[in-house]
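Each chain, letter by letter, is given below.
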Protein chains: 2
Amino acid sequence: MISKQNINFFEKIIGKKNIYSDPGDCWSYGYDNSKFHELPEAVLFPKDKNQLKNIVEYCYKKKINIAPRGRGTGNTGGSVPLNKCIVISFERMDKIIKIDIKNHIAIVQPGVINKNLQDILNKKKFFWAPDPSSWAYSTVGGNIANNSAGPRAIKYGTPRENILGLEFISGKGEIHRTGVTTTKGVVGLDITRLLIGSEGILGIITEATLKIIPKINKIITIEICYKNFKDAIDMIIRVMSHEKIFPYSIEFIDSEASELINDLEKDYYPKKSNALLFQFEILDLKDTVSIEKIIKKLDRNSLRMKIAENINEQDKIWKARKSLSPALRKLGEYKVNEDVVVPVANLSTFLKRLKSMSKKYNVKIVNFGHAGNGNIHVNLIYPNEKEKNSTKAKMCLDEIFNLVLSLDGTLSGEHGIGIIKKDYIGKEIPKETLKLMKKIKDQFDPKNILNPGKSI
Amino acid sequence: MISKQNINFFEKIIGKKNIYSDPGDCWSYGYDNSKFHELPEAVLFPKDKNQLKNIVEYCYKKKINIAPRGRGTGNTGGSVPLNKCIVISFERMDKIIKIDIKNHIAIVQPGVINKNLQDILNKKKFFWAPDPSSWAYSTVGGNIANNSAGPRAIKYGTPRENILGLEFISGKGEIHRTGVTTTKGVVGLDITRLLIGSEGILGIITEATLKIIPKINKIITIEICYKNFKDAIDMIIRVMSHEKIFPYSIEFIDSEASELINDLEKDYYPKKSNALLFQFEILDLKDTVSIEKIIKKLDRNSLRMKIAENINEQDKIWKARKSLSPALRKLGEYKVNEDVVVPVANLSTFLKRLKSMSKKYNVKIVNFGHAGNGNIHVNLIYPNEKEKNSTKAKMCLDEIFNLVLSLDGTLSGEHGIGIIKKDYIGKEIPKETLKLMKKIKDQFDPKNILNPGKSI
């Protein structure tokens, strides 16, 4: 347990009110959405970067480990305080420092909730592109640390493409400013993007300069059902290669997933459908007509096509899609949820091989996700804890990862490595390159006090 | 001079035909577009990464410095072989390894000329976004090393946003593979983007996985002239904030520049115009009508507006713009050409202050550039070499850089640091952060043999 002396020091910096040291208070800062839990040594709520700098300098001196934490919505244990960490919570560093509409820039503290930012931007007819499904609860800092994105990444990119500059504190307590406040800049090494997606192991972000974009408010949704997944994937490829339509999002729901939805929402989809949901931004109604025309021309072998122009019709389509998560939960606790990516045109092979693996390992596999980026959430549904943790289940997961890599894919599209995938990172990243990454990490955090036990 | 023994070793690896050691042969590999020149110790033309790996391993052992070189089109001396370098030329590593239209990917060797790639992609109705003005001669590898972009960066981004993965050789001769072949991925540290824009000091790129995009072939150009530059900049801000039009490029030409064009092309622009050239991609002709309507609605105080729908009319507009470089050359040899960026809404203040500096230092200043990114090419025109190199000229440049930074700008948008701006990098990047960058560099290149004397 952390010493009274250390707590006293922290209290001097941030005040008694801004620190939890009672295990009862600390408990809920020990988990995220991964079901890992580890009790923090203490939870600190700094208000600004100067307080944080003092904290990190002290931790560096005393070798106290630090787990930075947004709102703990991650899926891989990235914010779980392994190895006797104090938690730095950004709940009280949640200010929007500046919104500069003319320059398309927002400057924020890391603790601001993505949705709160979007609500304010929305009033000014702007948005920040990253839209992870946790957006209503997760922080911008957490989104940056995990390079979290959502459906509209296909059109607008991930945090990597939507951050101009960062301020962060290294593991030695040094404040660094990187990047620019412009959309171009090539002065020095790109430390900004090195920090993005680094899961808190290089530095603690204290401020971010975000690129914001004028918002197109009208969207149409098109839902198309196919008997065969290959027809669905081929349709995605044709749509994405058509120069006159640029999807805002493309979601895929395989036949196992659509049947789960059908159970809840009686026969919503034709039996055993592989469904696609396309969204397109439109400037005015005539765009709807031309998109509709193109989509109908590109379609082959569909069972059904719904084109939703008004909000009611759209809500119906998305209601079905959104019932998928509760439906999965109904299937039970013993699910392994992966977040792999393969190049879009390799999705058919991927799904076909998953079908054989489902038989081979006798496990239900439910797939859905952001197919326009080739990002598929693969859910392995086991009947009980024992089977979920069995050697056979491990072999199955191993085979899935090997398959993903053999298809030029990557093990994580948006959830990151955290604790969960740490054993697998060596599959994707060559040994020498991993060694190089570790050496880079050493330059930022020589005593390895920042989020130890995560990522690389 | 390099020893016979070293030359013999290189000849064994790549063959006699693929190496220059005669100073006469080597001469033209000693300069770029910056007017720096340094004779290389030798010029090597490897054909593949394995040859290159052997070369770099040997250079690491013997501590022989290496300057990687695309086609020497850079503006800052980045490829000039300072410090007794051998030059690695990529002329014979210019293969397009794979074009995968379905997955929107091209895999290339670094020596491929940007234009050659675009010509092939164009036949398949695709393109790679980066379009530096040197695109007809410069290599993709060079574009990546400098994060070089051009007018359409405003819509499609720079190499940073258009590279998925890289293969490179470190200063120790290790081959590394980084990144992915998908548009999403968060496994390990983002070494890919760390390499982009690093000017060859971290590694020598041997292969790049590029994101390619379906091409919209129809473009309209709108030219608008303003009496006051403030009206021009205000128009840019309004256009960029309008959610229904998304410019493909926005070029700005100030009144000094437009007068130079008027000298060549008699009275092309209204006298002392500040001109804007907008390009918009259109899907069909009805888009022209709506863009025209919006632009006319947004315009205030223009002297003249030309809307060019067909290629002939567009060529006329661009012919004027393109005559600017020859016109500048006519003004004489003694010009300092800068490549700064400020946030778009700060451009008015920037231009105003440049006008006062022009008077204060008694120097003609001609400005033009990619104003949609806030990227302005500032040209200081001196009457002779002596004045160009005077203390006063240095003070003027210094004041310009201070001004740029005080307006939240950056010293280089697309040319990089190279040799020319090395003395100024400390103005923009804090000392501690620069030190961190140097430590990162050490992990890639512990003996400092890769492009020594450049960038950081």
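Structure's up top.
Residues numbered from 1 in each chain as written. Chains lettered and ligands numbered in written order. Predicted model: local features only at pLDDT ≥ 70, side-chain atom pairs only at ≥ 80, totals over all residues. Heavy atoms only, no water.

### Quick notes on the overall build of chain A
Applied cut-off: The secondary structure listing takes helices from DSSP runs of H or I that are at least 4 residues long and strands from runs of E that are at least 2 residues long, numbered from the N terminus. Note on classification: 1.4 Å probe, protein chains only; a residue is buried when its accessible area is under 20% of the maximum for its type, exposed when over 50%, partly exposed between these limits. Any two residues whose heavy atoms approach within 4.5 Å are treated as being in contact. Per-residue and other accessible areas follow the Shrake-Rupley method at a 1.4 Å probe size, with only the shown protein chains counted as cover for residues. Under the counting rule used here, the positive set is Lys and Arg, the negative set is Asp and Glu, and His together with the chain ends is not counted. Charge positions come from single atoms, namely NZ of Lys, CZ of Arg, CG of Asp or CD of Glu.
Within chain A, the secondary structure is distributed over 18 helices and 18 strands. With the C-alpha coordinates of chain A rotated into their principal frame, the extents come out at 70 × 55 × 40 Å. The buried share of chain A, reckoned over its 456 residues, is 61%. Put simply, 72% of the contacts in chain A that link residues at least 6 apart link residues at least 24 apart. Roughly 18,000 Å² of accessible area belongs to chain A as shown, and the carbon and sulfur atoms make up 50% of that amount. Between the averaged position of the 73 positive side-chain charges in chain A and that of its 52 negative side-chain charges there is a distance of 2 Å.

### Observations concerning helix 4 (residues 114-123) of chain B
Residues and elements named next belong to chain B. Put simply, the rule is: The arc in question is the one traced by the directions running from the helix axis out to the C-beta atoms.
Along helix 4, the residues that are buried comprise Asn114, Leu117, Gln118 and Leu121. Buried residues of helix 4, seen end-on, are gathered within an arc of 100° and therefore sit on one face of the element. Buried residues belonging to helix 4 abut strand 5 (96-100), strand 6 (105-108), strand 7 (126-127), helix 5 (140-146) and strand 10 (203-211). Residue Lys125 follows helix 4 closely and has a positive phi angle near 65°.

### Quick notes on the interface of chain A and chain B
Selection rule: Here the buried area means the combined drop in accessible surface, using a 1.4 Å probe, for two parts upon being joined, counting both sides. Salt bridges, as used here, are contacts in which a Lys or Arg side-chain nitrogen is within 4 Å of a carboxyl oxygen on Asp or Glu. Between N or O atoms, a polar contact is any pair within 3.5 Å; within protein, one atom must be a potential hydrogen donor and the other a potential acceptor, and residues adjacent in sequence are included only when both atoms are from side chains. Gly falls in the polar group here, along with every residue not listed as nonpolar (Ala, Val, Leu, Ile, Met, Phe, Trp, Tyr, Cys, Pro) or charged (Asp, Glu, Lys, Arg).
Each partner contributes residues to the interface: chain A has 82 residues there, and chain B has 82 residues. Roughly 6,900 Å² is buried in total at the junction of chain A and chain B, and carbon and sulfur atoms are behind 61% of that figure. Linking chain A to chain B there are four salt bridges. One salt bridge in this structure joins Arg160(B) and Asp190(A), with 3.0 Å as the shortest N-O distance. One can count 26 residue pairs in polar contact (both at pLDDT 80 or more) joining chain A with chain B. Secondary structure elements with two or more residues in the side of chain A that touches chain B: helix 7 (159-162), strand 9 (175-179), helix 8 (191-195), helix 9 (229-240), helix 11 (285-298), helix 17 (425-428) and helix 18 (431-444) of chain A. By residue class, the composition of the side of chain A that touches chain B is 33 nonpolar, 28 polar and 21 charged.

### Here we look at the sheet that holds strand 4 (residues 85-89) of chain B
Residues and elements named next belong to chain B. Here is the rule: Two strands make a pair as long as DSSP finds a minimum of two bridges between them. The axes used here are C-alpha line fits, helices contributing only the stretch in contact, and every angle between their N-to-C directions lies in the interval 0 to 180 degrees.
Spatially, four strands are ordered 1-2-4-3 in an open sheet, and the strand pairing comes out mixed. Two strands lie at the open edges of the sheet, namely strand 1 (19-20) and strand 3 (65-69), each paired on one side alone. Contacts between helix 3 (residues 49-62) and the sheet are confined to strand 2 (42-44), strand 3 and strand 4, with strand 4 contributing the most and set at about 170° to the helix.

### Concerning the state of the cysteines
Where we set the bar: For this text, the term disulfide refers to a pair of cysteine sulfurs within 2.5 Å.
Within this structure, the stated rule accounts for zero disulfides over all chains. Just so you know, Cys59(B) is unpaired, no disulfide at all, and the nearest cysteine sulfur is the one on Cys85(B), 9.4 Å from it.

### Observations concerning the packing of aromatic side chains
This is how it is decided: Aromatic pairs are defined between Phe, Tyr and Trp rings, using the six-membered ring for Trp, whenever the two ring centres lie within 6.5 Å; interplanar angles under 30 degrees are classed as stacked, those over 60 as edge-to-face, and all others as tilted.
Summed over all chains, the structure comprises 24 aromatic pairs over all chains. An angle of 10° between the planes, with centres 3.8 Å apart, marks the rings of Phe9(A) and Tyr58(A) as stacked. Of this pair, Phe9(A) sits in helix 1 (residues 4-14) while Tyr58(A) sits in helix 3 (residues 49-62); the two residues are 49 residues apart in sequence, bridging distant segments of the chain. Phe9(A) gets classed as partly exposed once you look at its relative accessible area, which sits at 26%. With a centroid separation of 4.7 Å and 85° between ring planes, the pair formed by Tyr268(B) and Tyr269(B) is classed as edge-to-face.

### What about the sheet that holds strand 17 (residues 364-370) of chain A?
The strands making up a sheet associate through hydrogen bonds between their backbones, and the pairing can be parallel or antiparallel. All names here are of chain A. The strand order across the open sheet formed by seven strands is 15-12-14-13-17-18-16, and the pairing between neighbours is antiparallel. Looking at strand neighbours, the two that pair on one side only are strand 15 (302-308) and strand 16 (335-341), the edges of this open sheet. Going across the sheet, the axis of each strand differs from the next one's by a mean of 15°, ignoring polarity. Relative to strand 17, strand 13 (residues 249-253) runs antiparallel, the two being bridged by three bridges. If you follow Phe252 over to strand 17, its bridge partner there is Gly369. Contacts from helix 11 reach strand 12 (218-226), strand 14 (274-282) and strand 15, with the element oriented near 150° to strand 14.

These figures capture arrangement, not role.
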